[in-house]
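Residue-level structural notes
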Amino acid sequence: MKITCFIEYQIDPFKTAQFEEYAEAWGKIIPVCGGELLGYFLPHEGTNNRAFGLIQFP
């Protein structure tokens, strides 16, 4: 059985580049902690201040 964590972020739409750096850093940390990064999803249409992350653990 696996647990999936759904994380919702409220971001500054003018700082998406900084959020991408943050997401890349966690992409390296999560596997060390036993998780699997399923993905980060940045806004591309509609609301532009929300992003999501999916992380799965056994």
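Everything in this summary refers to the structure shown in the same document.

The rules behind these values
- Think of each chain on its own: its residues are numbered from 1, step by step along the sequence as written.
- At least 70 in pLDDT is required for a residue's local features to be given in this predicted model, at least 80 for side-chain atom pairs to be given and counted, and no such filter applies to totals for whole chains, interfaces and linings, which use all residues.
- To obtain the side-chain values, all non-hydrogen atoms of the structure were used and water was disregarded.
- Here the rule is simple: two strands pair whenever DSSP picks up at least two bridges between them.
- Each helix corresponds to a stretch of at least 4 residues labelled H or I by DSSP, and each strand to a stretch of at least 2 residues labelled E; elements are numbered beginning at the N terminus.
- Between N-to-C directions, angles cover 0 to 180 degrees, with each direction set by a line fitted to C-alpha atoms, over the stretch in contact for helices.
- Pairs of residues are marked as contacts when any of their non-hydrogen atoms sit within 4.5 Å.
- For patch building, the residue pool is restricted to those with more than 30% relative accessible area and no salt bridge; the joining distance is 9 Å between like charges and 5 Å between nonpolar side chains (Val, Leu, Ile, Met, Phe, Trp, Tyr).
- A 1.4 Å probe and the Shrake-Rupley method give the accessible areas. Residues count as covered only by the protein chains that appear here.
- We define a salt bridge as a contact between a side-chain nitrogen of Lys or Arg and a carboxyl oxygen of Asp or Glu at a distance within 4 Å.
- Only protein chains enter the calculation, and the probe is 1.4 Å; a residue is then buried if its accessible area is under 20% of its type maximum, exposed if over 50%, and partly exposed in between.

Things to note about the sheet that holds strand β3 (residues 50-57)
- Reading across from one edge, β1-β3-β2 is the order of the 3 strands in this open sheet, with antiparallel pairing throughout. One side of each edge strand has no neighbouring strand; the edge strands of this open sheet are β1 (3-10) and β2 (36-41). Strand after strand, the sheet turns through a mean of 15° between neighbouring axes, direction not considered.
- Relative to β2, helix α1 (residues 16-32) is tilted by about 170°, and along the sheet it contacts β1, β2 and β3.

Quick notes on a nonpolar patch on the surface
- Taken together, Tyr 22, Trp 26 and Ile 29 make up a surface patch of nonpolar side chains, about 260 Å² in accessible area.
- Along the chain, Ile 29 falls in helix α1.
- Given a relative accessible area of 37%, Ile 29 falls into the partly exposed group.

Examining the pattern of salt bridges
- This structure, assessed with the given rule, holds 1 salt bridge.
- Between Glu 8 and Arg 50 there is a salt bridge whose closest N-O contact spans 2.7 Å. Taken together, the residues Glu 8 in strand β1 and Arg 50 in strand β3 connect sequence positions 42 residues apart.

Let's talk about the environment of Val 32
- Its location among the elements puts Val 32 in helix α1.
- Its relative accessible area of 72% is what places Val 32 among the exposed residues.
- As for Val 32 and Ile 3, which are separated by 29 residues in sequence, their C-alpha atoms are 17 Å apart.

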